[in-house]
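Letter by letter, the chains look like this.
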Amino acid sequence: MRAMTWPQRIMWLVIIAAVLVWSLFPVFSIAMTSFKTQAGLFSGTLLPEEWTWENYATILAPGGSAQDLFLPALRNSIGISLIATFIAVVLATLCAYAIARLDFPGKRIILTTALAVSVFPIVSIVTPLFNLWRVVGLYDTWLGLIIPYLSLTLPISIWTLAAFFRQIPWELEQAAQVDGATPFEAFRKTVVPLAAPGVFTTAIIAFFIAWNDFVYGISLTSTDAARPVPAALSFFTGASQFEAPTGAISAAAIVVTIPIVIVVVIFQRRIVSGLTQGAVKG
Amino acid sequence: MTAEIAATGALRADRDRPDTATRPKKRRSDRARAEARLGWMLAGPAFGIMLLVTLYPIVQALWDSLFSLRLTAPDDREFIWFRNYQVILGDPAFWQSMGVTLFITVVTVLLELIIGFAFALVMHRAIKKLRGFARTAILVPYGIITVVSAFAFFYAFDINSGGYVNSWLSWVPGFDEDLNWFASQSTSLVVIILSEVWKTTPFISLLLLSGLAQVPGDLEEAAKVDGATSWEVLRRVILPNMKAAIMVAVLFRTLEAFRIFDNIFIMTAGANDTEALSLLAYNTSIGRLEIGLGSAISVLLFLSVLIIAGIFIKGFKVDLSAGRNS
């Protein structure tokens, strides 16, 4: 690597600063809103004039006016997204393993179907599901969201994992067997350590997608039995009809955003490689 | 490929260890059949579920769209052939919705392409120490819930929620500090598009990054040695070499942008002629419980996506398997 000249260093500093401002400013902005007092909400300034935790108390503390809206939604979102991610990753692992290692007719059809499903307009699916779920009793249940979430999480999981699995040197497994390992040992000691990062990365990406869902969330639920966070945010109301829910919504938004930012910071390298491989190299 | 098949054999190597070179033909087809069966056993469940959760609903929507059906009066269900489509296609509101959807799609994808490419270059060129930093920052919006992004931008701009953007823009000549961004179509669309671009640029920039990685470095060096300026290198060497990646990125984002929903729902709920097609379908079927009409709009939305994909794949010859290494 060549040493950078001073103008180059300054240019890079400016570039990185611009990227940081662009990416983090909206998060910073809503964080500031979440610290404003009810009266301070209308100050028309970015920073709060008076700082307060009261909005966080509203959504988290016992007796908070939006607590019974937010906490069940948080529970639903975490539970439903985790289960949908888990099922998708297990099924996609089997599927991608077959695609990467076996030769069978229909491989291309499976990959093409996954691609088609991933660009399918969700709203086109939601009306019939809304009808069907009411008839079969899945409306406003966890399972009623987990099933359609698979249409979001499965395709990307299959593509990402297939890309990962294609890069695994499978000969290692054979070599281990030649060296006297049992097939299971060979699989566990050579393939699993190489495949695990890919599976893990895929799980993160799939979770992000399930976690982000809004259309299914508002259409297929009606109470806090299954309503996820994004849908719940749009139903927040103020403590009284004269109070805006702005502060509570902002605080809730920050609560669900911070874990995501932490995950991104820790796993950025893996997420980038997962997304770039699955998307183009697939 | 042979390596793959050979490796596959290892899976069942405990049972038989045939000599690949002298394997009789009969056994080979047996093995092929066994492999195909195993392949479908492993891939089948995922494939089946994907079909089930999309194919079934769209067929159901097609069927429902041929009925006059409201959930408020379910007994008045009547088969009316294509009259729902006739109603929708003859309704200016539908075309207005189609227009606004296309407008948002084109503007969003163009902006994202420019910003996304700049980000891809930053990630590609940054020295190691800065690269992780840049990647993390660029990736943050990808993980953030679209609804959260929508609220963040909404609160920053909306004067009724104490938005501060107006006071920041007061130095711009002719700017009205009391501007209500969400009172007219054009200003609402500015904020909606801004939020959509912010949230989805990481995706497109990652696609472009993997395209950049495929541009042969020595070609760039050679052009520079021959005295090409950076701009010329970009136009003559880099861009032509990543055409495939760019087209794939544009196709994906176009199809996704075309179904925009979350940002509009949060910011305007479709007021002031900002009701994109997805929102129109949702408001018709789930909002007003007009299942027949709503299903017809859903089918039309689906057809539009098919047509866009068709134009890209046939018209621009986008090879979705570009760079695939099988």
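Residues numbered from 1 in each chain as written. Chains lettered and ligands numbered in written order. Predicted model: local features only at pLDDT ≥ 70, side-chain atom pairs only at ≥ 80, totals over all residues.

Undergrad: Explain the overall build of chain A residue by residue, including any values.
TA: Scanning chain A from terminus to terminus reveals eleven helices and zero strands. The N-to-C order of helical and strand elements in chain A reads α-α-α-α-α-α-α-α-α-α-α. Expressed as lengths along the three principal axes of its C-alpha atoms, the size of chain A is roughly 75 × 70 × 35 Å. With 282 residues in all, chain A has 50% of them scored as buried. (Helix = DSSP H or I, 4+ residues; strand = E, 2+ residues; numbered from the N terminus. Buried ≥ 20, exposed ≤ 12 C-beta atoms within 10 Å, placed from the backbone.)

Undergrad: For the overall build of chain B, give the residues involved together with the corresponding values.
TA: The helix and strand tally for chain B stands at 14 helices and two strands. For chain B, with 326 residues in total, the buried portion stands at 40%. When contacts within chain B are restricted to residue pairs at least 6 apart in sequence, long-range pairs at least 24 apart make up 69% of them. (Contact = placed C-beta atoms within 7 Å.)

Undergrad: Tell me about the environment of Thr136 of chain B, residues and numbers included.
TA: Tracing the backbone through its elements, the reader meets Thr136 of chain B in helix H5 (residues 128–143). For the pair Thr136 of chain B and Ile49 of chain B, spaced 87 residues apart in sequence, the C-alpha separation works out to 34 Å.

Undergrad: Which residues make up helix H13 (residues 277–287) of chain B, and what values go with them?
TA: For an α-helix, the turn length of 3.6 residues means that residues three or four places apart are oriented alike. Burial analysis of H13 of chain B places nine of its eleven residues in the buried class, which makes it a mostly covered element. Of the positions making up H13 of chain B, those classed as buried are Leu277, Ser278, Leu279, Leu280, Ala281, Tyr282, Thr284, Ser285 and Ile286 of chain B. Of the surrounding elements, those touching the buried residues of H13 of chain B are helix H5 (122–136) and helix H9 (215–219) of chain A together with helix H4 (92–125), helix H12 (262–267) and helix H14 (291–315) of chain B. Remark: Leu289 of chain B follows H13 of chain B within two positions and exhibits a positive phi of approximately 60°.

Undergrad: Run through the interface of chain B and chain A, naming residues and quoting values.
TA: At the interface, 94 residues of chain B touch 94 residues of chain A. If you tally residues by element for the side of chain B that touches chain A, the top one is helix H2 (residues 25–64) of chain B, at 20 residues.

Undergrad: Go over unusual backbone geometry, please, and point to the residues and values.
TA: All names here are of chain B. Positive phi is not limited to glycine here, since Asp273 has a value of about 55°. Asp273 gets classed as partly exposed once you count the C-beta atoms within 10 Å, which come to 16. With a phi close to 60°, Leu289 is a non-glycine residue in the positive phi region. Here Leu289 shows up in the loop between H13 and H14. Looking at Leu289, the number of C-beta atoms within 10 Å reads 16, which means it is partly exposed.

Undergrad: Describe the confidence of the model for chain B, listing the residues and the values that go with them.
TA: Detailed conclusions should not be drawn from predicted coordinates in areas where pLDDT is low. Residue and element names in this part refer to chain B. Mean pLDDT over chain B stands at 84; residues scoring 70 or higher make up 88%. Confidence, read as mean pLDDT per element, is least for helix H1 (residues 2–11) in chain B (34) and greatest for helix H6 (residues 146–157) (95). In the model, residues 1–23 has pLDDT below 50 throughout and makes 20 contacts with residues more than four positions away in sequence or in other chains. Here residues 322–326 is a poorly scored stretch, pLDDT under 50, and it has twelve contacts once near neighbours within four places are set aside; other chains count. (pLDDT = per-residue confidence, 0-100.)

Undergrad: Provide a residue-level description of the packing of helix H8 (residues 185–213) of chain B against helix H11 (residues 243–258) of chain B, including the pertinent values.
TA: Angle between the axes and distance between the axes: these two values describe a pair of packed helices. All names here are of chain B. It is the contact of H8 with H11, at a shortest axis distance of 9 Å, that shows an interaxial angle of 155°. The pairing of H8 with H11 is recorded here as roughly antiparallel in orientation. Crossing handedness for the pair H8 and H11: right-handed. The residues of H11 that touch H8, namely those facing Glu196, Thr200, Ile204, Leu207, Leu208, Ser210 and Gly211, are Ala245, Ile246, Val248, Ala249, Arg253, Glu256 and Ala257. Classifying every residue of the contact of H8 with H11 gives eight nonpolar, three polar and three charged. (Axes fitted to C-alpha atoms, helices over the stretch in contact; angles between N-to-C directions. Parallel < 35°, antiparallel > 145°, perpendicular 65-115°, else oblique. Left-handed = near helix turned anticlockwise from the far one by under 90°. Nonpolar A, V, L, I, M, F, W, Y, C, P; charged D, E, K, R; others polar.)

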